[in-house]
Amino acid sequence: MGRYRILVATGASLFAGSHNRVQLWLKEEFEHEVPEDLGPLQFVKLRKHHSLVEDAWFCDRITVRGPGACEEAAFPCYRWVQGDGVLCLPEATARLAGNNALDVFQRHREKELKERHKIYRWATWKEGLPLTIAAGSEDDLPANMRFHEEKRLDFEWTLKAGALEMVLKRVYTLLSSWTSLEDFDLIFWGQKSPLAEKVHQCWRDDELFGYQFLNGANPMLLRRCTSLPSRLVLPSGMEELRAQLERELQNGSLFEADFILLDGIPANVIRGEKQYLAAPLVMLKMDPSGKLLPMVIQIQPPSPISPTPPLFLPSDPPLAWLLAKTWVRNSDFQLHQLQYHLLNTHLLAEVIAVATMRCLPGLHPVFKLLMPHIRYTMEINTRARTQLISDGGIFDKAVSTGGGGHVHLLRRALAQLTYRSLCPLDDLADRRLLGTPGALYACDALRLWEITARYVEGIVHLFYHGDDVVKGDPELQAWCREITEVGLRQAQERGFPVSFQSQNQLCHFLTMCVFTCTAQHGAINQGQLDWYAWVPNAPCTMRMPPPTTKEDVTMATVMGSLPDVRQACLQMAITWHLGRRQPDMVPLGHHKEKYFSDPKAKSVLNQFQTDLENLEREITARNEQLDLPYEYLKPSHIENSVTI
């Protein structure tokens, strides 16, 4: 038998190595006599022998070079090797399912999925919401979905550092008053970004208020008007305002942000004190210079008790107008965190991740495509369910939708979660924002979607040579149904596919998956660091009911409405923790895992990386000309999966 050169790569993370003995087999299945060498290698079998103390080993990959001019065979692993069991690794070439039950690869993929179904199980966190991984805590998760040690240590230590900073700020403010907006300066120290300092200085400005609807933490709510909203009741005496609104409407420069989803959501009670919610409507105009400016704010919709709710205008007393804008910012905080961040990125990414592990074997090209984009997602979501949105968690302690309102809001938001809303071209078209001046999120999102789509199409076309191949892939079709019908609870009623009938349909769906787990999460997550650090710009809760008159609004009203010291400190700490750049961050498209062995697939990934680098240069050059650079969708700032 010829000589074989075997290279075993251990993961680079802390404690990835093992002191236990490792044993390796080569496996080949053939019908003719054994020649001098084994021929093309199909599998390696791997086992780690148990010593006195169990010492898990994270194996990256194994490569084997046979005798003579044989090509090197790669066997990707990227998982923990535990216990005494034998791990069977197929050669890296991606393969679709066959119909030959005797085929060694077919038997392997069927066995693998059977085992994965036992390990990756669905669970219901709350009725009426997307399903989640079955795990009561992060310790219950499959080992291969856990944070690596560096990530775990950083996550837990920064939480402790944030808690210490909160204590110091509380002590620092014990003997201070909390009666003016300047008192927030007493806690505005520690970790903060340059843009957060800009927000601190300019948060009262109407221009910055309007800008956030286009390019802030939540650019997903704004839409261009085609008519005046029916809920906007203009009483007599406001004919001039009506004329202004209709003029902007005719010019195509009238926009709205409607927070009606919050109407009727029960508000939290924090430490025995009732908190308050509103469901505002904001009408904005875009002036000739491209500035988006508020024209009128209706804090609450019409009701039998108040059929003509008060309207707040820029010409009102300054504190009344400021308080009206603050109510809008509080409402935006709620929808941003729960609808557009938690539901539309985190929970959706988890559904994609669990379905992928349950339905697609490691040999499947879609599994190889998606695996880098589901890293750490199950653990960060599990931690969110046990620390952030749990009973007694952060939301209950500091956020006006806590105490159960957040679950009601998530259910409403799921009912509005359409397939089109997750695809930027469709979403921006539906909101009539295509071509809007100064819409930097929209511009960058479209470019990233286009680049991601080219990457996905390049991979898909290597393995699916026609629509019939797509339709005839049982694993792929099962994965689609698992996402739409199971994980997202019959989402076909909202436009999600239950099967793939063509290459184009498959490519579009996969592009949505990758875009959601990377670029969209980056756009929605990173802004917390900049826009939420100065608490009055985006208060997590409001402690007084919305004003019904303008003349009675005083500084005491404003400060009595905004979060208290404890709530403000908690908001600053948690949004810094969740919005900061992660130390082990993997930029979009630059994962180290080599799931594909096909040179053509590697070439597609290389082109993806080149396209991203070109976009990076374009965004950098554009940002140099802007007073407020938009950086959330710079490829180097986008993480390759939902990890925080």
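Per an unreviewed UniProt entry, the protein chain goes by the name arachidonate 12-lipoxygenase and belongs to Bos mutus. What UniProt records for the protein chain under Subcellular location (unreviewed entry) is the sentence "Cytoplasm". In its Sequence similarities (unreviewed entry) section, UniProt records this for the protein chain: "Belongs to the lipoxygenase family."

Moving on, we get to the UniProt feature "binding site: Ca(2+)" (unreviewed entry) in the protein chain. According to UniProt, the "binding site: Ca(2+)" (unreviewed entry) feature falls on Gly-17, Asp-55 and Ala-56. In this structure, Asp-55 sits in the loop between strand S3 (43-48) and strand S4 (57-65).

Here the focus is a nonpolar patch on the surface. Residues Leu-164, Val-167, Leu-168 and Val-171 make up a contiguous nonpolar surface patch of roughly 370 Å² in combined accessible area. Following the sequence through the fold, Val-167 ends up in helix H2 (residues 149-173).

Two strands in a sheet stick together by hydrogen bonds in their backbones, pointing the same way (parallel) or opposite ways (antiparallel). As summarised here, the arrangement of the 3 strands in space is S1-S4-S5, forming an open sheet in which the pairing is antiparallel. Edge positions in the sheet fall to strand S1 (5-10) and strand S5 (73-81), since each of these pairs with one other strand and no more. Going from strand to strand, the sheet's axes swing by 15° on average, the running direction of each strand aside. Relative to S5, S4 runs antiparallel, the two sharing 7 bridges. By the bridge assignment, Val-64 is partnered in S5 with Ala-73.

Before going further, it helps to spend a moment on the state of the cysteines. All chains considered together, the criterion is met by 0 disulfides. As a non-bridged cysteine, Cys-359 has Cys-480 as the owner of its nearest cysteine sulfur, 10 Å distant. Of all cysteine sulfurs, the one in Cys-513 lies closest to Cys-423, which takes part in no disulfide; the gap is 9.4 Å.

What follows concerns the sheet that holds strand S10 (residues 254-258). Spatial ordering of the open sheet is given by S9-S10-S13-S14-S15, a layout of 5 strands whose pairing is antiparallel. The open sheet has two edge strands with one neighbour each: strand S9 (223-224) and strand S15 (311-312). Judged from the 2 bridges that link them, S9 and S10 form a sheet pairing that is antiparallel. Note on S10: the bridge partner recorded for Arg-224 is Phe-255. Seen against the sheet, helix H4 (residues 206-215) touches S10, strand S13 (281-286) and strand S14 (292-298) and runs at an angle of roughly 95° to S14. Relative to S14, helix H5 (residues 239-250) is tilted by about 135°, and along the sheet it contacts S10, S13 and S14.

Time to look at H4. Here H4 lies mainly inside the structure; 8 of its 10 residues are buried. Looking only at H4, the buried set comprises Leu-208, Phe-209, Gly-210, Tyr-211, Gln-212, Phe-213, Leu-214 and Asn-215.

With that settled, consider the packing of helix H1 (residues 104-119) against helix H6 (residues 318-359). Closest axis-to-axis distance for the H1/H6 pair is 7 Å, and the angle between their directions is 140°. It follows from the interaxial angle that H1 and H6 lie oblique. Residues Leu-113, Arg-116 and His-117 of H1 form the contact with H6, whose participating residues are Thr-356, Met-357, Arg-358 and Cys-359. Grouping the constituent residues of the contact of H1 with H6 by class yields 3 nonpolar, 2 polar and 2 charged.

With that settled, the discussion passes to the packing of H4 against H6. Between H4 and H6, the shortest axis-to-axis distance is 12 Å and the interhelical angle comes to 15°. Here H6 runs roughly parallel to H4, going by the angle between their axes. Note that H4 runs across H6; the crossing there is left-handed. Every residue of H6 that contacts H4 at Asp-206, Phe-209, Gln-212 and Phe-213 is listed here: Trp-321, Lys-325, Val-328 and Arg-329. Residue composition of the contact of H4 with H6, grouped by class: 4 nonpolar, 1 polar and 3 charged.

Here the focus is the nonpolar core. Formed by 170 residues in total, the largest nonpolar core has its most connected members in Phe-184, Phe-213, Trp-479 and Met-512. Take this core: its biggest share by element is 23 residues, from H6. Excluding residues that lie within four positions of it along the chain, Phe-184 makes contacts with Trp-178, Trp-534, Val-535, Pro-536, Met-559, Leu-562, Pro-563 and Ala-568. Ranked by size, the runner-up nonpolar core spans 14 residues in total, among them Trp-57, Cys-59, Val-64 and Ala-73.

What follows concerns the pattern of salt bridges. Applying the stated criterion across every chain yields a total of 33 salt bridges. Among the salt bridges present, the one from Arg-152 reaches Glu-149, with a minimum N-O distance of 2.5 Å. Remark: Glu-149 and Arg-152 occur in helix H2; sequence separation between them is 3 residues, near one turn of the helix. Taken together, the salt bridges that share partners define one network made up of Glu-138, Asp-139, Arg-146, Glu-149, Arg-152, Glu-156, Glu-379 and Arg-383.

Before going further, it helps to spend a moment on the side chain of Thr-345. Its place among the elements puts Thr-345 in helix H6. Judged by its relative accessible area of 0%, Thr-345 falls in the buried class. Discounting residues that sit within four places of it in the chain, Thr-345 has contacts with Tyr-340, Thr-516, Gln-520 and His-521.

What follows concerns the side chain of Asp-611. Turning to its location among the elements, Asp-611 is positioned in helix H19 (residues 599-623). Engagement of the side chain of Asp-611 in a polar contact is seen with the side chain of Arg-454, the distance being 3.3 Å. Dropping the residues within four chain positions of it, Asp-611 is found in contact with Ile-451 and Arg-454.

The next point concerns unusual backbone geometry. Backbone geometry at Arg-432 places phi at a positive 55°, although glycine is not the residue there. For Arg-432, the position within the fold is in the loop between helix H11 (424-430) and helix H12 (440-463). Note on Arg-432: relative accessible area 33%, which makes it partly exposed. Of note, Gln-490 is a non-glycine position whose phi angle comes to about 60°, a positive value. Given a relative accessible area of 35%, Gln-490 falls into the partly exposed group.

Thresholds, definitions, all that
- Residues numbered from 1 in each chain as written.
- Predicted model: local features only at pLDDT ≥ 70, side-chain atom pairs only at ≥ 80, totals over all residues.
- Heavy atoms only, no water.
- UniProt positions renumbered as here; feature names shortened; annotations may be inferred.
- Helix = DSSP H or I, 4+ residues; strand = E, 2+ residues; numbered from the N terminus.
- Patch = residues over 30% accessible without salt bridge, like charges linked within 9 Å, V, L, I, M, F, W, Y side chains within 5 Å.
- Areas by Shrake-Rupley, 256 points an atom, 1.4 Å probe, with all protein chains shown as cover.
- Salt bridge = Lys/Arg side-chain N within 4 Å of Asp/Glu carboxyl O.
- Pairing = 2+ DSSP bridges.
- Axes fitted to C-alpha atoms, helices over the stretch in contact; angles between N-to-C directions.
- Disulfide = S-S within 2.5 Å.
- Contact = heavy atoms within 4.5 Å.
- Buried < 20%, exposed > 50% of the residue type's maximum accessible area, 1.4 Å probe, protein only.
- Parallel < 35°, antiparallel > 145°, perpendicular 65-115°, else oblique.
- Nonpolar A, V, L, I, M, F, W, Y, C, P; charged D, E, K, R; others polar.
- Left-handed = near helix turned anticlockwise from the far one by under 90°.
- Core = buried A, V, L, I, M, F, W, Y, C linked by side-chain atoms within 4.5 Å.
- Polar contact = N/O pair within 3.5 Å; in protein donor to acceptor, adjacent residues only side chain to side chain.

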